[in-house]
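One letter stands for each residue in the lines below.
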Amino acid sequence: MTVKTAANTTINPKVFEYDRSSARRIGRFLTPHRWRLVLGFVLMFTSVFDAIFGPALIGRAVDDGLARGNLGLMTSLVLLYLAITAISQASTKLQIQTMVRLGQTVIRDMRQILYEHVQELSASFFARYEVGRLISRIMGDVQMIREFIVFAIIAIARDSVIVLGILLVMLTTSLPLTMVILLIMPVLFVFSYRWSIASRKIYNEVRELASSVNARLAEDFNGVRVVQAYAREDFNYKRFHDGRNQQVLDANLQASTTLASFFPVLELLSGLALFGLVLVGGLLVLNNNLTAGVLVAFVLYIEQLFSPIRDMAQRWSVVQAALASGDQVFRILDERIEITDKPGAIAMPRGAGAVQFKNVTFSYDGRTTVLQDINLDVKSGQKIAFVGHTGAGKSSMIKLLMRFYDVTSGSVCVDGYDVRDVTQNSLRANMGIVLQETHLFTDTIMNNIRAGRDGATDQEVIDAAKAVGAHDFIMALNNGYGTRITKGASILSVGQRQLLAFARALVADPRILILDEATSSIDTHTEKAIQEALKRLLADRTSFIIAHRLSTITLSDLIVVMDHGRIVERGTHTELLAGRGLYYGLYTMAYNREIEDAEAAISL
């Protein structure tokens, strides 16, 4: 997978795999936009003139202008100072604009790469990584990296140049006064280094706890109906308030305390430097070994020197937070894409839909076998029903067929092609799936059905809706097919959402159709209304049906009975009933349950 950035430069996330330094890895995102970074540094150098040369000009104005009564020279020096200040301020403005644009562009590229990378991660990743935490990485952590790019990189460089420039000017002006400053600097640097180590650890903890809060919020809000139904609001509130939210507060307070501890020490050192400067400088002036203008310049330099050091401390906290965020972001980029197209994988053409499972054994974790020695030959157009107890391996068969996972041993073939030898896009383009829980996008009903095939015309969408019995209820809505579905699709019943899923699958016109408990959420009346539509949907297609409802199972040409990851029975409905094996028991239980459901519906 590769992504084109704004600079039309290709970035591949795999280049980050072996570079463990967050700073260097963030730097790789800056590489395609290096010209903006260079411009920012050029502007930075011109923006420090007033800080480095301003006090020296004022000192000279005192000695050569004011003390000697040379008004012309003093005026010239003041005008020069104003000109340097104006250039510095204009450069600072352009520098900020340049870095803001750079930061926005880089985080756009980073989010784009993250989004594409996450989409290609295997199902096992999403089984163990909360959605809220993932969103926190893509939004919050990437935003923190933007703060680093916009407000830290150039600012820290600028402050460093100012400090070095001022020290150089001091050394060339008065060595004794410079030594007073230099005696303080080692203490300051040692303290800054130890503080940076402590703050890095704290900011890592803050970002991790913040993402856990997002994960908790996503979980609670997505399940708000269950929360309200069981009156768990108070329980959830206490768990949120006393648990992770309190932990985030404590971590942020600790981070603030650590940050705040730096500034009193810095002010103390600044005061000591000023005291030593006035003491030594005053003695030198009294002994005629130093001019008053030089002492004034050094006093002004104290503020100019310690101000950027204070700024660097603040910027360094941004750096620590950004590197902590970078660690989290790059952990996601380092997640291995387990299911990939092998080199030379071909695009599978639209075929007849024949499927073979050959000696298939499969384990999710490498330890527990969920499918063992599976052999199944499905002819084109055949309708196969998988039945069995929960955990028998029915859904795992489908996941292997769609290549959400790879077999541990054996092979799965479609129209003679091993699914590992063809591209994933071409494989899944031949398949359609209807799940138990229908996901509808925040869009119109027309576009939700069209999601099955982007190029479908409006008429094709309407024809599909009519075929599955969805047209009438759609037209009864205020805007018909233009009705916009919002989060949760609350305007639609569960059965209506499932009908839209059937229409979506029909529009896709796949050669292989998978119904995974697709009618389990539909009431008996609605199910009867779509039986003919189901027959139309399944006609001339290879179909795999996972269902508990008898009416759906009996549509099948072959019923495959699974138990503990093995195929234990196979045959038609009549044959399996006659065998009085596992299927007979499952059928009897399901039949009795459906009779009870039907009687309950009639009584209502």
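Residues numbered from 1 in each chain as written. Predicted model: local features only at pLDDT ≥ 70, side-chain atom pairs only at ≥ 80, totals over all residues. Heavy atoms only, no water.

So what's going on with the overall build of the chain? Residues and values would help.
A count of helical and extended segments in the chain gives 23 helices and 12 strands. In the chain, which comprises 604 residues, the proportion classed as buried is 47%. In the chain, once contacts between residues fewer than 6 apart in sequence are set aside, the share between residues at least 24 apart is 76%. Accessible surface, the chain: about 30100 Å² in total, of which carbon and sulfur atoms supply 58%. (Helix = DSSP H or I, 4+ residues; strand = E, 2+ residues; numbered from the N terminus. Buried < 20%, exposed > 50% of the residue type's maximum accessible area, 1.4 Å probe, protein only. Contact = heavy atoms within 4.5 Å. Areas by Shrake-Rupley, 256 points an atom, 1.4 Å probe, with all protein chains shown as cover.)

Any chance you could break down the pattern of salt bridges for me, citing the residues and the numbers?
A side chain with one charge may pair with a side chain of the opposite charge, provided their charged atoms come close. Scanning all chains against the criterion turns up 13 salt bridges. A salt bridge links Asp-421 to Lys-342; the nearest nitrogen and oxygen atoms lie 2.4 Å apart. Of the two residues, Asp-421 is situated in the loop between strand S7 (417–418) and helix H14 (424–429) and Lys-342 in the loop between helix H12 (292–333) and strand S3 (355–363); the sequence distance between them amounts to 79 residues. What makes Lys-342 partly exposed here is its relative accessible area of 40%. (Salt bridge = Lys/Arg side-chain N within 4 Å of Asp/Glu carboxyl O.)

Give a detailed account of the pairing of S3, specifying residues and quantitative values.
Within a regular strand, side chains alternate between the sheet's two faces. In the sheet, S3 pairs with strand S4 (residues 369–378) via six bridges, with the strands oriented antiparallel. Residue Val-360 lies in a different strand from S4, and its bridge partner there is Ile-374. If you look at the hairpin formed by S3 and S4, you'll find five residues sitting between the two strands, and Gly-366 has a positive phi there, around 85°. Of the strand pairs in this sheet, S3 and strand S6 (residues 409–414) are connected by five bridges, and their pairing is antiparallel. Of the residues in S6, the one forming a bridge with Val-355 is Val-414. (Pairing = 2+ DSSP bridges.)

Explain the packing of aromatic side chains to me, using residue names and the numbers behind them.
Aromatic ring pairs are reported here in terms of the distance separating the ring centres and the angle at which the planes meet. One pass over the full model with this rule turns up five aromatic pairs. For the ring pair Phe-29 and Phe-330, a centre distance of 6.5 Å and an interplane angle of 25° mean the geometry is stacked. You can see Phe-29 sitting in helix H1 (residues 22–30) and its partner Phe-330 sitting in helix H12, a full 301 residues away along the chain. Each member of the pair, Phe-29 as well as Phe-330, is classed as buried. (Phe/Tyr/Trp six-rings, centres within 6.5 Å; stacked < 30°, edge-to-face > 60°.)

Any details on the nonpolar core? Residues and values, ideally.
Membership of the largest hydrophobic core comes to 66 residues, with the highest contact counts inside it found for Leu-114, Phe-148, Ile-149, Ile-181 and Phe-306. Listing elements by their share of this core, those giving two or more residues are H1, helix H2 (34–46), helix H3 (49–66), helix H4 (71–120), helix H6 (131–173), helix H7 (175–222), helix H11 (262–286) and H12. Examining the composition of this core, we find that 17 residues originate from one element, H6, more than from any other. In this structure Leu-114 touches Ile-138, Val-142, Val-329, Ile-332 and Leu-333, once residues within four positions along its chain are discounted. In terms of nonpolar packing, the next biggest core, distinct from the first, is built from 43 residues, Ile-485, Leu-492, Val-507 and Leu-513 among them. (Core = buried A, V, L, I, M, F, W, Y, C linked by side-chain atoms within 4.5 Å.)

So what's going on with the packing of H4 against H6? Residues and values would help.
How two helices pack is summed up by the angle between their axes together with the distance between the axes. Axis separation between H4 and H6 bottoms out at 9 Å; the angle between their running directions is 150°. Considered as vectors, H4 and H6 are oriented roughly antiparallel to each other. For the pair H4 and H6, the sense of crossing is right-handed. Of the residues assigned to the contact of H4 with H6, the class counts are 16 nonpolar, five polar and three charged. (Axes fitted to C-alpha atoms, helices over the stretch in contact; angles between N-to-C directions. Parallel < 35°, antiparallel > 145°, perpendicular 65-115°, else oblique. Left-handed = near helix turned anticlockwise from the far one by under 90°. Nonpolar A, V, L, I, M, F, W, Y, C, P; charged D, E, K, R; others polar.)

Break down unusual backbone geometry for me, with residues and values.
Positive phi outside glycine occurs at Asp-373, with the angle close to 55°. Assignment of secondary structure puts Asp-373 in strand S4. Even without glycine at this site, Arg-580 takes up a positive phi of about 50°. Take Arg-580: it is sitting in the loop between helix H22 (573–579) and helix H23 (582–603).

Can you lay out the environment of Asn-425 for me, pointing to particular residues and giving the numbers?
The topology assignment puts Asn-425 in helix H14. A sequence separation of 78 residues divides Asn-425 from Ala-347, and the C-alpha atoms of the two residues are 8.0 Å apart.

Can you lay out the side chain of Asp-109 for me, pointing to particular residues and giving the numbers?
Here Asp-109 is to be found in helix H4. Asp-109 sits in the buried class, given a relative accessible area of 1%.

Lay out empty space enclosed by the protein with the relevant residues and their values.
All told, the structure shown has one cavity of 30 Å³ or more when counted by the stated rule. By volume, the largest cavity is sized at about 30 Å³. What lines the largest cavity is Leu-400, Arg-403, Tyr-405, Asp-406, Val-407, Val-412, Val-419 and Arg-420. Classifying every residue of the lining of the largest cavity gives five nonpolar, no polar and three charged. (1 Å grid on protein atoms, 1.4 Å probe; cavity = no way out; pocket = protein on both sides within 12 Å on 5 of 7 lines; lining within 4 Å. Points joined across faces, edges and corners; volume = space filled by probe spheres on them.)

Which residues make up the sheet that holds S6, and what are the values?
Spatially, S4-S3-S6-S7 is the arrangement adopted by the four strands of the open sheet, whose pairing is antiparallel. If you trace the sheet from one side to the other, it starts and ends with S4 and S7, each paired once. In this structure, S6 lies alongside S7, joined through two bridges in antiparallel fashion. From the neighbouring strand, Cys-413 faces S7, where its bridge partner is Asp-418. Sheet contacts for helix H13 (residues 394–401): S3, S4 and S6; angle to S4, the most-contacted strand, approximately 65°.

Requested: an account of helix H18 (residues 494–508), with residues and values cited.
Since one α-helical turn is 3.6 residues long, residues separated by three or four positions face the same way. The terminal C-alpha atoms of H18, which comprises 15 residues, lie 22 Å apart, in line with the 21 Å expected from a rise of 1.5 Å per residue. Most of H18 sits inside the fold, with 12 of its 15 residues counted as buried. Residues Gly-495, Arg-497, Gln-498, Leu-499, Leu-500, Ala-501, Phe-502, Ala-503, Arg-504, Ala-505, Leu-506 and Val-507 constitute the buried set of H18. Downstream of H18 by a residue or two, Asp-509 has a phi angle that is positive, lying close to 50°. (Expected span 1.5 Å × (residues − 1).)

How would you summarise the confidence of the model for the chain if you had to cite specific residues and measurements?
Per-residue confidence for the chain averages 78 on the pLDDT scale, and 82% of its residues sit at or above 70. With pLDDT under 50 throughout, residues 598–604 is counted as low confidence; its partners more than four residues away or in other chains account for zero contacts. (pLDDT = per-residue confidence, 0-100.)

So what's going on with a nonpolar patch on the surface? Which residues, and what values?
A contiguous nonpolar surface patch, about 470 Å² in accessible area, is contributed by Phe-275, Leu-279, Leu-283 and Leu-286. Here Leu-279 lies in helix H11. (Patch = residues over 30% accessible without salt bridge, like charges linked within 9 Å, V, L, I, M, F, W, Y side chains within 5 Å.)

Which residues make up the side chain of Ser-411, and what values go with them?
Relative to the helices and strands, Ser-411 resides in strand S6. Excluding residues that lie within four positions of it along the chain, Ser-411 makes contacts with Gln-356, Phe-357, Lys-358, Val-360, Asp-418 and Arg-420.

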